[in-house]
Amino acid sequence: PFSLFSMQETIERYQKHMKDVQTDNQLVEENMQHLKHEAASMTKKIEQLELAKRKLLGEGIGSCSIEELQQIENQLEKSVSCIRARKTQVFKEQVEQLREREKKLLAENALLSEKFRMNPKEKSNERNETTPIEESSPTSDVETELFIGPPPQRRNIIGLFPHK
(Lines give C-alpha, C1' and ligand atoms only; values in the text may rest on other atoms or scores of the structure.)
Protein backbone atom coordinates (compact mmCIF):
# COMPACT_ATOMS: atom_id res chain seq x y z
CA PRO A 1 0.00 0.00 0.00
CA PHE A 2 2.85 2.45 0.76
CA SER A 3 4.57 1.89 -2.57
CA LEU A 4 1.28 1.95 -4.46
CA PHE A 5 0.41 5.32 -2.87
CA SER A 6 3.75 6.87 -3.72
CA MET A 7 3.63 5.38 -7.23
CA GLN A 8 0.15 6.86 -7.77
CA GLU A 9 1.37 10.21 -6.43
CA THR A 10 4.38 10.15 -8.76
CA ILE A 11 2.13 9.40 -11.76
CA GLU A 12 -0.18 12.28 -10.84
CA ARG A 13 2.74 14.66 -10.46
CA TYR A 14 4.06 13.52 -13.85
CA GLN A 15 0.66 14.03 -15.50
CA LYS A 16 0.35 17.50 -13.91
CA HIS A 17 3.82 18.39 -15.10
CA MET A 18 3.01 17.21 -18.63
CA LYS A 19 -0.16 19.36 -18.63
CA ASP A 20 1.93 22.37 -17.51
CA VAL A 21 4.51 21.66 -20.24
CA GLN A 22 1.76 21.35 -22.85
CA THR A 23 0.19 24.60 -21.62
CA ASP A 24 3.61 26.29 -21.73
CA ASN A 25 4.21 24.93 -25.23
CA GLN A 26 0.83 26.23 -26.33
CA LEU A 27 1.63 29.67 -24.88
CA VAL A 28 5.02 29.68 -26.57
CA GLU A 29 3.45 28.63 -29.88
CA GLU A 30 0.75 31.31 -29.58
CA ASN A 31 3.39 33.90 -28.71
CA MET A 32 5.49 32.83 -31.72
CA GLN A 33 2.48 33.11 -34.03
CA HIS A 34 1.71 36.55 -32.63
CA LEU A 35 5.33 37.69 -33.13
CA LYS A 36 5.38 36.33 -36.70
CA HIS A 37 2.16 38.20 -37.47
CA GLU A 38 3.54 41.38 -35.89
CA ALA A 39 6.82 41.08 -37.84
CA ALA A 40 4.88 40.65 -41.11
CA SER A 41 2.76 43.67 -40.25
CA MET A 42 5.86 45.76 -39.46
CA THR A 43 7.51 44.68 -42.72
CA LYS A 44 4.40 45.78 -44.63
CA LYS A 45 4.39 49.15 -42.82
CA ILE A 46 8.09 49.66 -43.58
CA GLU A 47 7.46 48.95 -47.27
CA GLN A 48 4.58 51.45 -47.29
CA LEU A 49 6.73 54.09 -45.58
CA GLU A 50 9.58 53.55 -48.02
CA LEU A 51 7.17 53.85 -50.94
CA ALA A 52 5.73 57.08 -49.49
CA LYS A 53 9.27 58.42 -48.94
CA ARG A 54 10.24 57.66 -52.54
CA LYS A 55 7.10 59.43 -53.76
CA LEU A 56 7.93 62.48 -51.62
CA LEU A 57 11.38 62.46 -53.23
CA GLY A 58 9.72 62.39 -56.67
CA GLU A 59 10.63 58.78 -57.41
CA GLY A 60 8.12 56.21 -58.62
CA ILE A 61 5.32 58.68 -59.23
CA GLY A 62 4.68 57.52 -62.81
CA SER A 63 1.80 55.32 -61.70
CA CYS A 64 0.20 57.90 -59.36
CA SER A 65 -3.23 59.30 -60.04
CA ILE A 66 -4.01 63.01 -60.07
CA GLU A 67 -5.42 62.74 -56.54
CA GLU A 68 -2.29 61.02 -55.25
CA LEU A 69 -0.08 63.61 -56.94
CA GLN A 70 -2.17 66.38 -55.38
CA GLN A 71 -1.80 64.78 -51.93
CA ILE A 72 1.97 64.52 -52.40
CA GLU A 73 2.14 68.14 -53.51
CA ASN A 74 0.06 69.27 -50.51
CA GLN A 75 2.29 67.29 -48.15
CA LEU A 76 5.41 68.83 -49.67
CA GLU A 77 3.93 72.33 -49.36
CA LYS A 78 3.16 71.69 -45.68
CA SER A 79 6.69 70.40 -45.17
CA VAL A 80 8.24 73.43 -46.86
CA SER A 81 6.03 75.71 -44.77
CA CYS A 82 7.15 74.02 -41.54
CA ILE A 83 10.80 74.17 -42.62
CA ARG A 84 10.54 77.87 -43.47
CA ALA A 85 8.83 78.61 -40.16
CA ARG A 86 11.62 76.81 -38.27
CA LYS A 87 14.28 78.58 -40.32
CA THR A 88 12.67 81.95 -39.55
CA GLN A 89 12.55 81.08 -35.86
CA VAL A 90 16.24 80.10 -35.86
CA PHE A 91 17.14 83.36 -37.63
CA LYS A 92 15.17 85.36 -35.07
CA GLU A 93 16.91 83.54 -32.22
CA GLN A 94 20.30 84.22 -33.79
CA VAL A 95 19.46 87.91 -34.29
CA GLU A 96 18.39 88.14 -30.65
CA GLN A 97 21.62 86.48 -29.52
CA LEU A 98 23.62 88.91 -31.63
CA ARG A 99 21.70 91.84 -30.15
CA GLU A 100 22.44 90.58 -26.65
CA ARG A 101 26.09 90.21 -27.58
CA GLU A 102 26.07 93.74 -29.02
CA LYS A 103 24.64 95.08 -25.75
CA LYS A 104 27.35 93.32 -23.76
CA LEU A 105 30.08 94.61 -26.05
CA LEU A 106 28.68 98.16 -25.91
CA ALA A 107 28.59 97.98 -22.12
CA GLU A 108 32.14 96.64 -22.04
CA ASN A 109 33.23 99.38 -24.46
CA ALA A 110 31.62 102.06 -22.28
CA LEU A 111 33.36 100.64 -19.22
CA LEU A 112 36.72 100.63 -20.99
CA SER A 113 36.14 104.17 -22.28
CA GLU A 114 35.36 105.31 -18.75
CA LYS A 115 38.54 103.68 -17.42
CA PHE A 116 40.51 105.29 -20.23
CA ARG A 117 39.11 108.73 -19.34
CA MET A 118 40.17 108.28 -15.69
CA ASN A 119 43.82 107.80 -16.66
CA PRO A 120 44.63 110.73 -19.01
CA LYS A 121 48.38 110.33 -18.43
CA GLU A 122 48.30 106.85 -19.88
CA LYS A 123 46.06 108.15 -22.63
CA SER A 124 48.58 110.78 -23.75
CA ASN A 125 51.48 108.30 -23.64
CA GLU A 126 49.48 105.77 -25.61
CA ARG A 127 48.50 108.37 -28.17
CA ASN A 128 52.15 109.32 -28.74
CA GLU A 129 53.07 105.68 -29.26
CA THR A 130 50.27 104.83 -31.63
CA THR A 131 49.93 108.06 -33.66
CA PRO A 132 51.64 107.54 -37.02
CA ILE A 133 53.82 110.33 -38.40
CA GLU A 134 52.68 111.54 -41.76
CA GLU A 135 55.18 111.49 -44.62
CA SER A 136 54.61 115.17 -45.40
CA SER A 137 55.71 116.30 -41.92
CA PRO A 138 59.22 117.75 -41.52
CA THR A 139 60.26 114.92 -39.15
CA SER A 140 59.40 112.16 -41.58
CA ASP A 141 63.05 111.93 -42.73
CA VAL A 142 64.23 111.04 -39.24
CA GLU A 143 65.17 107.41 -38.67
CA THR A 144 63.19 105.83 -35.87
CA GLU A 145 64.99 102.53 -35.50
CA LEU A 146 65.73 101.64 -31.90
CA PHE A 147 69.37 100.94 -31.04
CA ILE A 148 70.58 99.53 -27.78
CA GLY A 149 73.92 101.17 -27.19
CA PRO A 150 75.65 103.52 -29.58
CA PRO A 151 75.10 103.02 -33.32
CA PRO A 152 77.95 101.17 -35.07
CA GLN A 153 79.36 104.22 -36.90
CA ARG A 154 79.58 106.22 -33.65
CA ARG A 155 81.49 103.65 -31.60
CA ASN A 156 84.79 104.72 -33.06
CA ILE A 157 83.95 108.38 -32.51
CA ILE A 158 83.12 107.83 -28.84
CA GLY A 159 86.50 106.22 -28.23
CA LEU A 160 88.27 109.26 -29.71
CA PHE A 161 86.71 111.89 -27.49
CA PRO A 162 86.98 111.61 -23.73
CA HIS A 163 83.94 112.38 -21.60
CA LYS A 164 83.82 115.79 -19.94
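A brief report on the enclosed structure follows. Within any chain, residue numbers begin from 1 and follow the written order of that chain's sequence. With pLDDT at 70 or above as the cut-off, local features in this predicted model cover only qualifying residues; side-chain atom pairs require 80 or more to be listed or tallied, and sums for whole chains, interfaces and linings still use all residues. Note: side-chain values were computed over all heavy atoms of the structure, leaving out hydrogens and water.

Once that is clear, we can look at a nonpolar patch on the surface. Grouping into patches uses exposed residues only, defined as over 30% relative accessible area, and leaves out salt-bridged ones; the cut-off is 9 Å for like charges and 5 Å for nonpolar side chains (Val, Leu, Ile, Met, Phe, Trp, Tyr). Exposure was quantified through the Shrake-Rupley algorithm and a 1.4 Å probe, taking into account, for residues, occlusion by the shown protein chains and nothing else. By definition, a salt bridge exists where a carboxyl oxygen of Asp or Glu is found within 4 Å of a side-chain nitrogen of Lys or Arg. Side chains of Val28, Met32 and Leu35 sit close together on the surface and give an oily, nonpolar patch of about 270 Å² of accessible area. Secondary structure counts use DSSP, requiring at least four H or I residues in a row for a helix and at least two E residues in a row for a strand, with both numbered from the N terminus. Tracing the sequence through the fold places leucine 35 in helix 1 (residues 2-56). With relative accessibility at 43%, the residue leucine 35 sits in the partly exposed group. In this scheme, a residue with accessible area under 20% of its type's maximum is buried, one over 50% is exposed, and one in between is partly exposed, where area comes from a 1.4 Å probe on protein chains only.

Our next topic: the side chain of lysine 55. Among the secondary structure elements, lysine 55 is positioned in helix 1. Of the residues examined, lysine 55 reaches a relative accessible area of 18% and is grouped as buried. Whether two residues are in contact is decided by their heavy atoms: any pair within 4.5 Å suffices. Apart from residues no more than four positions distant in its own chain, lysine 55 is found in contact with Gly60, Ile61, Cys64, Glu68 and Ile72.

Once that is clear, we can look at the pattern of salt bridges. Per the counting criterion, the structure on display carries 4 salt bridges. For the salt bridge of arginine 13 with glutamate 9, the shortest nitrogen-to-oxygen distance reads 3.5 Å. Of this pair, arginine 13 and glutamate 9 both sit in helix 1, 4 residues apart, which is roughly one turn of that helix.

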